[in-house]
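Architecture and fold: a report
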Protein chains: 2
Amino acid sequence: MQIDLALGIDIGGTNTGLGFVDRSGTLIASTFLSTQSGETADQFVARLHQQIENLQDALPMPHRFLGIGIGAPNAHAGRGTIEQAPNLHWGEKVDFISLMKKYYPLPMAITNDANVAAAGEMIFGHARGMKHFIVITLGTGLGSGIVADGRLLYGASGFAGELGHVTVNPDGRQCACGKKGCLEAYVSATGLVRTALALLSRQYTPSPLRSMAIQEITSQRIFELARGGDAVALDAFDRTARILGLKLADAVAHVSPEAIFLTGGLAAAGELLIRPTEKYMNEFLFRVYRGTVKILPSGMPPGHGAILGAAALIINDFKIL
Amino acid sequence: MQIDLALGIDIGGTNTGLGFVDRSGTLIASTFLSTQSGETADQFVARLHQQIENLQDALPMPHRFLGIGIGAPNAHAGRGTIEQAPNLHWGEKVDFISLMKKYYPLPMAITNDANVAAAGEMIFGHARGMKHFIVITLGTGLGSGIVADGRLLYGASGFAGELGHVTVNPDGRQCACGKKGCLEAYVSATGLVRTALALLSRQYTPSPLRSMAIQEITSQRIFELARGGDAVALDAFDRTARILGLKLADAVAHVSPEAIFLTGGLAAAGELLIRPTEKYMNEFLFRVYRGTVKILPSGMPPGHGAILGAAALIINDFKIL
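Residues numbered from 1 in each chain as written. Chains lettered and ligands numbered in written order. Predicted model: local features only at pLDDT ≥ 70, side-chain atom pairs only at ≥ 80, totals over all residues. Heavy atoms only, no water.

Looking now at the packing of aromatic side chains. One pass over the full model with this rule turns up 16 aromatic pairs over all chains. Taken together, a centroid distance of 6.2 Å and an interplanar angle of 65° make the contact between F286 of chain A and Y289 of chain A edge-to-face. Taken individually, F286 of chain A and Y289 of chain A each receive the classification buried, so the pair is uniform in this respect. Between the aromatic rings of F20 of chain B and F65 of chain B, the centroid separation amounts to 5.2 Å while the plane-to-plane angle is 70°, which identifies the pairing as edge-to-face. (Phe/Tyr/Trp six-rings, centres within 6.5 Å; stacked < 30°, edge-to-face > 60°. Buried < 20%, exposed > 50% of the residue type's maximum accessible area, 1.4 Å probe, protein only.)

This next bit is on the nonpolar core. Residues L138 and I260 of chain A together with L138, F237 and I260 of chain B are the most contacted members of the largest nonpolar core, which totals 115 residues. Contacts of L138 of chain A, omitting those with residues within four sequence positions, involve V187, L244, L262, T263, G264, G265, L266, A267 and L273 of chain A. (Core = buried A, V, L, I, M, F, W, Y, C linked by side-chain atoms within 4.5 Å. Contact = heavy atoms within 4.5 Å.)

Right, let's get into the side chain of E39 of chain B. All names here are of chain B. Looking at where E39 falls in the secondary structure, it is placed in the loop between β3 (27-34) and α1 (41-57). Given a relative accessible area of 11%, E39 falls into the buried group. A distance of 2.4 Å separates the side chain of E39 from the side chain of R47, its partner in a polar contact. Excluding residues that lie within four positions of it along the chain, E39 makes contacts with F44, R47 and W90. (Helix = DSSP H or I, 4+ residues; strand = E, 2+ residues; numbered from the N terminus. Polar contact = N/O pair within 3.5 Å; in protein donor to acceptor, adjacent residues only side chain to side chain.)

Glancing now at the relation of the copies chain A and chain B. You can overlay chain A on chain B at an RMSD of 0.0 Å; the transform is a turn of 180° with a shift of 0.0 Å along its axis. Overall, the copies show the geometry of a two-fold rotation axis. By C-alpha distance to the rotation axis, the residue of chain A lying nearest is H254 of chain A, at 3.7 Å. (Least-squares fit on C-alpha atoms with pLDDT ≥ 70 in both.)

Here the focus is helix α4 (residues 189-202) of chain A. All names here are of chain A. Here α4 spans 20 Å end to end across 14 residues, near enough to the 20 Å set by a 1.5 Å rise per residue. The set of residues buried in α4 consists of A189, G191, L192, V193, T195, A196, A198, L199 and L200. Considering only its buried residues, α4 is in contact with α5 (219-227) and α6 (231-255). (Expected span 1.5 Å × (residues − 1).)

We now examine the sheet that holds strand β5 (residues 75-76) of chain A. Residue and element names in this part refer to chain A. Across the sheet, which stays open at both edges, the three strands sit in the order β5-β6-β7 with antiparallel pairing between neighbours. The outermost strands of the open sheet, each flanked by one partner alone, are β5 and β7 (93-94). Two strands pair when backbone bridges link them, and strand β6 (residues 81-83) and β7 are joined in this way by two bridges, in the antiparallel orientation. Counterpart to E83 in the pairing with β7 is K93. (Pairing = 2+ DSSP bridges.)

Right, let's get into the interface of chain A and chain B. Contact residues are listed per partner, giving 44 residues for chain A and 44 residues for chain B. Regarding the contact of chain A and chain B, the summed buried area is about 3500 Å², with carbon and sulfur atoms giving 59% of it. For the pair chain A and chain B, the number of links is three salt bridges. Where chain A touches chain B, the interface holds 20 residue pairs in polar contact (both at pLDDT 80 or more). Every element with two or more residues in the side of chain A that touches chain B is listed here: β10 (142-148), β11 (151-152), α6 and α7 (274-284) of chain A. Per element, the largest residue contribution to the side of chain A that touches chain B is eight residues, and it comes from α6 of chain A. Here the side of chain A that touches chain B is composed, by residue class, of 22 nonpolar, 10 polar and 12 charged. (Buried area = accessible area lost by both parts, 1.4 Å probe. Salt bridge = Lys/Arg side-chain N within 4 Å of Asp/Glu carboxyl O. Nonpolar A, V, L, I, M, F, W, Y, C, P; charged D, E, K, R; others polar.)

Glancing now at the pairing of strand β2 (residues 15-22) of chain B. All names here are of chain B. Extensive coverage of β2 is indicated by the burial of seven of its eight residues. Here strand β1 (residues 3-11) pairs with β2 via seven bridges, running antiparallel. If you follow L5 over to β2, its bridge partner there is D22. Taken together, β1 and the strand that follows it, β2, pair antiparallel across an intervening segment of three residues. Across seven bridges, β2 lies against β3 in antiparallel orientation. Note that in β3 the partner of L18 across the bridge is T31. In textbook terms, the turn of a hairpin is the stretch between consecutive antiparallel strands, and for β2 and β3 this stretch comprises four residues, one of which, G25, has a positive phi near 90°.

Before going further, it helps to spend a moment on the state of the cysteines. For the coordinates displayed, the defined rule picks out zero disulfides over all chains. Unpaired in this structure, C175 of chain B has its nearest cysteine sulfur neighbour in C177 of chain B, at a distance of 3.8 Å. (Disulfide = S-S within 2.5 Å.)

What follows concerns the pattern of salt bridges. Scanning the entire structure with this criterion turns up 21 salt bridges over all chains. With a closest N to O distance of 3.5 Å, D250 of chain B and K247 of chain B form a salt bridge. With D250 of chain B and K247 of chain B both in helix α6 (residues 231-255) and three residues apart, the pair spans about one turn of that helix. Given the relative accessible area of 2%, D250 of chain B is considered buried. Each of the salt bridges in this network shares a partner with another, and the network as a whole consists of K247 and D250 of chain A together with K247 and D250 of chain B.

The analysis is restricted to geometry; functional conclusions fall outside its scope.
Right, here's the structure in full:
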């Protein structure tokens with residue numbers, strides 16, 4: 001008997017993971033390769049092809065290869081391109097799907113990391129059965145994927161759902177994007193560190209953070225200190241949750257989701273972030289929405305979530321090219 | 001030959017308009033009745049039924065009655081209800097579609113005023129051919145209807161798209177909804193008046209507004225003064241446009257529309273509001289969206305837009321009950 005398998009590929013700045021996934025969300029086989037910055041996109045795809053072939057040869061069962069789903073920074077689902085991705089050094093715009101189609105004349109789909117996380121959550125995670133939800137990825141930056149009426153929202157530009165760049169304060173912190181006061185300048189691993197620094201500058205509250213070199217302060221360290229009861233670290237988490245709650249209340253007023261999932265490194269702070277964010281969001285919610293939205297942790301496995309999500313793009317026929 | 005006609009009904013706090021509309025958006029016949037607050041919803045629907053019968057009897061051609069589309073404050077499209085509408089005095093929740101179905105066993109649809117405006121814009125107005133757009137209604141308050149992938153967005157609660165209640169400033173102006181700093185406390189006819197007052201309190205700038213009783217100051221008067229070059233009135237419009245531009249940039253980061261239409265009383269200020277709003281929005285937009293969004297005036301006729309929009313709900317098979 002043949003089994004249906006989709007290939008999920010997760011392209012990151014350092015490594016690219018890939019794996020074959022069946023319709024139930026079981027990862028059958030996976031591997032990875034480095035995403036070297038010294039080569040062209042063509043050369044990268046040639047190496048990727050070799051890895052796919054090796055992986056496919058090693059599959060333990062007869063199978064039907066359904067297609068390839070890809071998560072990549074700055075991917076455009078409609079055009080099949082990766083555009084101006086700062087960590088990939090492949091130039092202005094790479095027609096990634098065309099490069100892949102030279103090797104595999106199969107259905108393909110590509111989108112950014114946060115949309116992949118949303119697709120994974122919907123097909124294999126905690127959003128199963130939900131028609132309206134948002135996934136927020138909290139890593140170095142803040143990404144988001146919005147599902148409305150059971151479909152990923154791409155919008156007219158193809159780039160809908162960039163909640164990292166809604167404005168908290170138009171005169172606020174400098175953001176890496178060139179604007180001021182963007183949400184990800186406050187709510188992200190780096191945002192948390194900046195908030196801790198700002199608190200240390202305003203208050204005399206003692207904290208082990210004062211004995212650290214500023215560039216050594218990480219969100220992980222702040223998390224550990226908060227768990228240990230450090231006042232500055234706890235305050236930094238509380239302020240992060242308040243700003244996230246405020247802007248998630250805005251998001252609800254746009255698309256009215258059933259749930260908002262928090263995932264990524266900073267979301268691992270769990271109860272230090274999720275409950276306070278929900279509390280603040282409810283304070284800022286317009287009354288018709290109160291009690292209609294849950295803040296939830298991701299239901300995807302931490303290691304291979306991105307590969308499963310990329311495969312979900314194919315298994316559920318998201319934007320197929 | 002029979003002609004297909006949909007009935008559009010626009011329920012307001014004072015008057016209810018109704019009219020038969022053909023597939024091309026021509027209003028064939030219309031009338032109105034008062035929306036008396038002294039009667040129950042049952043009694044109102046009985047009177048409405050009589051008016052529909054009169055209107056139908058007077059129609060000059062044989063026709064097929066396609067169905068009834070209704071715009072009403074606080075309408076829930078999925079449940080067919082009008083809930084807690086402050087100006088209608090019909091109690092907590094009225095199952096309006098059920099009341100109507102007693103008289104007419106026809107396809108029906110109901111939604112709020114801003115969604116009706118969006119449906120009208122999409123079928124008969126300037127959004128024809130657009131899959132992703134937002135309509136902002138600027139009257140006493142601020143309403144919004146969001147179309148994504150060619151469909152009105154209702155979300156999990158059925159109340160998606162309440163941009164009047166996104167937060168400009170969590171410590172800002174009191175809003176009628178009970179929250180603080182909502183967009184409609186700044187950007188609306190009443191918000192414009194409050195902004196003018198705030199400016200008069202902060203500056204010594206002379207203005208004819210200083211000789212008026214505060215409760216006599218209207219958005220219309222500020223508009224006339226702005227056209228005449230009054231510095232306070234011009235500043236009030238500029239600040240209104242900046243706040244609207246800021247929050248529309250946030251809206252773009254959610255749903256990435258092709259266009260945002262401004263309609264309603266305050267939108268009649270035209271170039272005093274539309275161009276500055278677009279300028280500020282572009283300043284606050286994340287780079288991937290720059291140049292992808294237009295701010296446009298409504299393409300609906302001013303008098304009967306709401307009746308046409310309500311009929312469009314039926315003509316284009318929006319959420320049919």
